[in-house]
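Architecture at a glance
Residue-level listing of the chains:
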Amino acid sequence: MPSSLLWAVDIFGRVYTLSTVGQYWELCKDTQLEFKRVSAVKQCCWGIACDHQVYTYVFSGDVPIRYQEETYENQRWNPVGGFCEKLLPSDRWQWSDVSGLKHQQLDSFTLPSPHWEWESDWYVDENIGGEPTEKGGWTYAIDFPSTYTKDKKWNSCVRRRRWIRYRRYKARDVWAKIVSQDEPGQLPDPFSDISIGGWEITDEPPGRLSVWAVSLQGRVWYRENVCHHNPEGSAWSVIATPGEVVQISCGPYDLLWATLWEGQAIVREGIDRNNPEGISWSIVESPSSENGIMHVSVGVDVVWCVTKDRKVWFRRGVNSHNPCGTSWIEMVGEMMMVTVGLNNQVWGIGCDDRAIYFRQGVTPSELSGKTWKAIVSTRESDRSQSGSSTSLLSAGCFFTDEIQNQTNAIIQGDADTSSDTELPTGANLEMHKSTNPSPSAELQWTNIDLKEAQKHPVLSLSSFTETSSLSSLGMFPVGAEEPYGTDEHPLWAWVSGGGCLVDLHSPLKWFTVPSGLSSSVQSLSLSITPAQTAAWRKQIFQQLSERTKRELENFRHYEQAVEQSVWVKTGTLQWWRNWKPHKWMDVRVALEQFTGSDGMRDSILFIYYMYHEEKKYIHVFLNEVTIIVEVLNEAKHSFALYTPERTKQRWPIRLAAATEQEMHDWLSLLNMSCCESRRIQGPPSHHAIWSVTCKGDIFVSEPCPELENGPHLMPCDQMFWRQVGGHLRLIESNNRGVVWGIGYDHTAWVYTGGYGGGFIQGLASSADNIYTQSDVKCVYIYENQRWNPVTGYSSRGLPTDRYMWSDASGLQECTKVNTKPPSPQWTWVSDWYIDFNTSGGTDREGWQYAADFPASYHGHKTMKDFVRRRRWARKCKIVTNGPWLEVPPVALWDISIIPSSTAAGEEAVALWAISDKGDVLCRLGVTQQHPAGTSWLHVGTDQPFISVSIGAFYQVWAIARDGSAFYRGSVSPQKPAGDCWYHIPSPQKQKLKQVSVGRTSVFVLDKNGNLWYRQGITPSYPQGAAWDHVSNNIRKMSVGPLDQVWVIADKVQGSHSLSCGTVCHRTGVQPMEPKGLSWDYGIGGGWEHITIRGNATEASRAVHDAPEEQPAGPEELDNEEGKGRRESSKTPLMVSESQELDRNAVNC
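Residues numbered from 1 in each chain as written. Predicted model: local features only at pLDDT ≥ 70, side-chain atom pairs only at ≥ 80, totals over all residues. Heavy atoms only, no water.

Some words on the overall build of the chain
A count of helices and strands for the chain gives nine helices and 73 strands. In the chain, which comprises 1148 residues, the share counted as buried stands at 54%. Put simply, of all contacts in the chain between residues at least 6 apart along the chain, 59% involve residues at least 24 apart. (Helix = DSSP H or I, 4+ residues; strand = E, 2+ residues; numbered from the N terminus. Buried < 20%, exposed > 50% of the residue type's maximum accessible area, 1.4 Å probe, protein only. Contact = heavy atoms within 4.5 Å.)

If you want it as structure tokens, here you go:
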């Protein structure tokens, strides 16, 4: 999980942050101001300073905040002077917006605040709908307004062109004052409270926030148009309330509560994407008639409050449909205030000691949590007062000099201490008097009960002012009796957890008690870190291994007593039978593993079944199995086994287990047996081929030299694929071992060099470089309605209509109740919500309209539309592990790594990416030793992009969201971002969606599944000359460093069934035939992505008898394939578009 921040303000107005992966409070970078309150989210923080003015703090990032200003220049043709600025009186303005109704001259645009700066001057946009225009950017039409084209015709009487200019937000990592447009010197009212949230109401515009504030007069204000490209918003608007408000709290969704002077709470209702300000207020009474509500805080679906007697209360039954909830529950403890963060986690400030407490045990099933635990982290300024030298002290006698030296280096940056560390003797002198002092400070903090505070006084934080970092241990000699640190612990006035995401799987370091050294024994216990323990164990293991070799050396001449052994595992599974009617049947399964005299193992899998009361079996040699893959199935824990023959048939052996654990046991065992049979172990090589299934599973295959060239080409259905732990949407690699992936939630991950993970445990998985990985994806269902003259649109359809709640095809009934996550490993993390980002657009309620089912849907109703649908989405999450580390903080959509490089290992590797917002990025500092790199460099564009690819010799091509292609000029190691974009015309009437660049070839894929090759690319003219069609029916493609072409085909016909998502290899690719000749079909279906960009094994061809400079001719290729698939260069994948999908085909 990436780190996030907890914000707090002390009684002196200083703002601090505490990271979820850190141990110290860090003072905010901009320390010029003193604050009363702050409210934070992940990307920014808003606060009210002591001058009652509102400030915003936007985090710096590698991607700048840019906003595009635009205006249109309009002209009309007249017989005398041609096109000129003289327009008719009824025409639009000469300079206007896109509608022509608003007058917009170039000099009328000003910066909204001093925190912006112009990035460039005005320039003409020479692009229209993905196509480049003539020089000057003019588009022509018959009259205003009309449909504009780039070509001038005889009847073109008007023309216009678009001028654009970018401004950049420069006030990052500083507190920027929010100024009023009317009176720049001050805000409408002095403000006393502020709260931000609402980013989950809608994702349009990106990064939208709801900012609410309360003035000293008790009025509520709403800040309009706060979003990613406008972090300050535009204006304040007052919201009427039933009384004077003292405090307000906004959750990430549509919850908004406020407290009144009278002690009641008011709840805002009617908040949605079309009306983020809400409609009306409802009043909720205080939980106590004597003491009104003083403070309230809301989360996703929880509400906490503090009454005037400092009691803490939890509101039961709160959700989007009932924002008022049902009843109050009193919680243990007395607090000044509470704050609810992400995951509904809760923090509070203690009433007596002004310490910050964290509510432990908050889970989706127990929203109220279990107990309060004090955060005892100290300030960064306190840590700087301690020394930095280290000493192992008496621990040195346990280690050799080499390990001591390693430890002295490691211990400098280690900030972990044991949770059951004893307090030093000197530190006990600084405690308040306690009736029963405990030797364990951690135990005291864990068992705090704020209701019993008078009976058991809370341990003062003054004894814990200094850090627990081991970097300060060396300043104390053995037997030191004095505590270190004399400052008082900070007294907190406010805390905000709106941007703090606490991962339930990762421990926090906030509760570690800082302490000094009191004895040599304690020095020893504190000095041994996990790194030293690992080094110590490694040394002992090495000594034991050497002793074993010495003892066995004397017995090498003895013959082996047993030449081979047999090991058998049996079990009961279900099998999808071969004959019709196809159904699941119970079978007995046995795996027999043989160990030969040479120590090599081979295995056979037997499946015993009954056929007409006769016992029969089928068997599979595991050295013939090409892949074992888990199958996407809601009802069954199933997996499939492929062999080359069954890959040709598109009919694998499908087995299902009774439980998920049993399936994973079989998968792990079978995978390990297959790898042993093929003598494969360890991590994938740098030249490996990586692929991802539509289920998100990651597979890797080791290419052989015969895969691309040579006298005997190896069919790609004989490739062996083994699984690597993790869950990704796409993956990219290169031949230097740099591998990156992107999850469904757009999180970037980098490969660590390990193997195994997930369900693959034991000897088949590496012991290190395996980390926890999570991913979030959406499940979609459709609500369908038909219009009738009586009731209008309703859920009563015709007998021939699709289900009124269905999947995208309408063939499967999918309701909110019966729709489950994709597999048992996934869990729901949200409720059902309307998805407004459906292709084709939607209306304000999310509906799409059409003449009938199925048809082309659009987002507005016409007279001919008799049916409509809207898409509902629900998020689900998976938590697994694998050899992947997260690369925060930018969310990515696409990625590309330069495929081949002969540079030294420490030289930088070019890596380009597209963010989820469409920004083009270049990663700096990527090397073979540090594949994660250091930072992002933003590459400016005029529109959002969706695909990028960098080929050999730093050729960079990209695809924009409107389907147009671009080439980036002058990219080099010295100039990693290049200088400018060149617009490349797309194939006629086609919108592109993906590009892949090899050594000399450039291929693109359009939205209709057509594969195109760029002709005429030379070193002097890298943009090429024209597009040539290669094939259809393609979902994804990858071009390698040798210009090899691999694709994921949408539909491939096998002898038994039709499969979707099949790995295919383009054969016959030669320098004189760069488009290749025919397709070789590999594993499938259910595959989503493949990358061949690491396979640069060109030199290995020399080991064959055939000369390297004489590749196999077309006749040899046909003979080797033996299938008569010789085709022209324009070869379609041999599947009829109208052919129906076999229901029995496997989709992984």
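Back to the write-up after that little detour.
Some words on the sheet that holds strand E61 (residues 965–969)
The four strands lie next to each other as E59-E60-E61-E62, forming an open sheet whose pairing is antiparallel. Of all the strands in the sheet, the pair left with one neighbour each is strand E59 (945–950) and strand E62 (980–984). Neighbour-to-neighbour, the strand axes of this sheet turn through a mean angle of 25°, independent of strand direction. The pairing of strand E60 (residues 956–960) with E61 spans four bridges and is classified as antiparallel. Note on E61: the bridge partner recorded for Val956 is Arg968. (Pairing = 2+ DSSP bridges. Axes fitted to C-alpha atoms, helices over the stretch in contact; angles between N-to-C directions.)

Observations concerning the sheet that holds strand E23 (residues 265–269)
In spatial order, the strands read E21-E22-E23-E24; together these four strands make up an open sheet with antiparallel pairing. Looking at strand neighbours, the two that pair on one side only are strand E21 (245–250) and strand E24 (280–284), the edges of this open sheet. Each neighbouring strand pair of the sheet contributes to a mean axis angle of 25°, computed without reference to strand direction. Where E23 and E24 come together, five bridges link them in antiparallel fashion.

Brief notes about the confidence of the model for the chain
Considering every residue of the chain, the mean pLDDT works out to 81; 81% of them sit at 70 or more. For the stretch residues 516–529, pLDDT sits under 50, and the model shows 43 contacts to residues farther than four places along the chain or on other chains. Between residues 1134–1146, whose pLDDT stays under 50, and residues either more than four places distant or in other chains, the model counts 34 contacts. (pLDDT = per-residue confidence, 0-100.)

A look at the packing of aromatic side chains
Inspection of the entire model under this criterion finds 47 aromatic pairs. Each ring, one from Trp690 and one from Tyr751, has its centre 5.3 Å from the other, and the planes form 70°; the classification is edge-to-face. Of this pair, Trp690 sits in strand E41 (residues 689–693) while Tyr751 sits in strand E46 (residues 748–751); the two residues are 61 residues apart in sequence, bridging distant segments of the chain. Take Tyr751: its relative accessible area is 8%, and that puts it in the buried class. Put simply, the rings of Trp7, Phe35, Tyr55, Tyr57, Phe59 and Trp175 pair up and form one aromatic cluster. For the cation-ring pair, Arg66 lies above Tyr166, with the distance from its terminal atom to the ring centre recorded as 4.0 Å. The ring of Tyr857 has Arg869 sitting right over it, with the charged end atom 3.8 Å from the ring centre. (Phe/Tyr/Trp six-rings, centres within 6.5 Å; stacked < 30°, edge-to-face > 60°. Lys NZ or Arg CZ within 6 Å of the ring centre and 35° of its normal.)

A closer look at the nonpolar core
Counting 36 residues, the largest nonpolar core has Trp740, Leu892, Ile895, Trp912, Trp936, Phe945 and Trp981 as the members making the most contacts within it. A per-element tally of this core places strand E56 (residues 911–915) first, with four residues. Sequence-distant contacts of Leu892, defined by excluding residues within four places in its chain, comprise Arg729, Trp740, Ile742, His746, Ala748, Ala913, Ile914, Ser915, Asp916, Leu921 and Trp936. The next biggest cluster of nonpolar side chains, apart from the first, holds 33 residues, and it includes Leu6, Phe358, Ile375 and Val502. (Core = buried A, V, L, I, M, F, W, Y, C linked by side-chain atoms within 4.5 Å.)

Here's the deal with the side chain of Asp1006
Mapped onto the elements, Asp1006 comes out in strand E64 (residues 1002–1006). One polar contact links the side chain of Asp1006 to the main-chain amide nitrogen of Asn1008, over a distance of 2.8 Å. Of note is the side chain of Asp1006, whose polar atom sits 3.0 Å from the backbone nitrogen of Gly1009. Leave out the neighbours within four places in its chain, and Asp1006 touches Gln990, Lys991, Leu992, Lys993 and Trp1012. (Polar contact = N/O pair within 3.5 Å; in protein donor to acceptor, adjacent residues only side chain to side chain.)

A word on helix H8 (residues 660–677)
The periodicity of an α-helix, 3.6 residues per turn, causes residues three or four positions apart to be oriented the same way. Relative to the 26 Å expected for 18 residues at 1.5 Å per residue, H8 spans 26 Å between its end C-alpha atoms, a close match to the ideal helical length. Of the residues one or two after H8, Arg679 is the one with positive phi, at around 60°. (Expected span 1.5 Å × (residues − 1).)

Overview of the environment of Ala908
Locating Ala908 in the fold gives a position in the loop between strand E55 (892–897) and E56. Residues Ala908 and Gly925, spaced 17 residues apart in sequence, show a C-alpha to C-alpha distance of 5.9 Å. Not counting chain neighbours up to four residues away, the residues in contact with Ala908 comprise Arg736, Val926 and Thr927.

Points about the environment of Asn769
Structurally, Asn769 is set in the loop between E46 and strand E47 (771–788). Spatially, the C-alpha atom of Asn769 lies 8.9 Å from that of Tyr751, the residues being 18 residues apart in sequence. Setting aside residues up to four positions removed in sequence, Asn769 forms contacts with Thr752, Gly753, Gly754, Gly882, Pro883 and Trp884.

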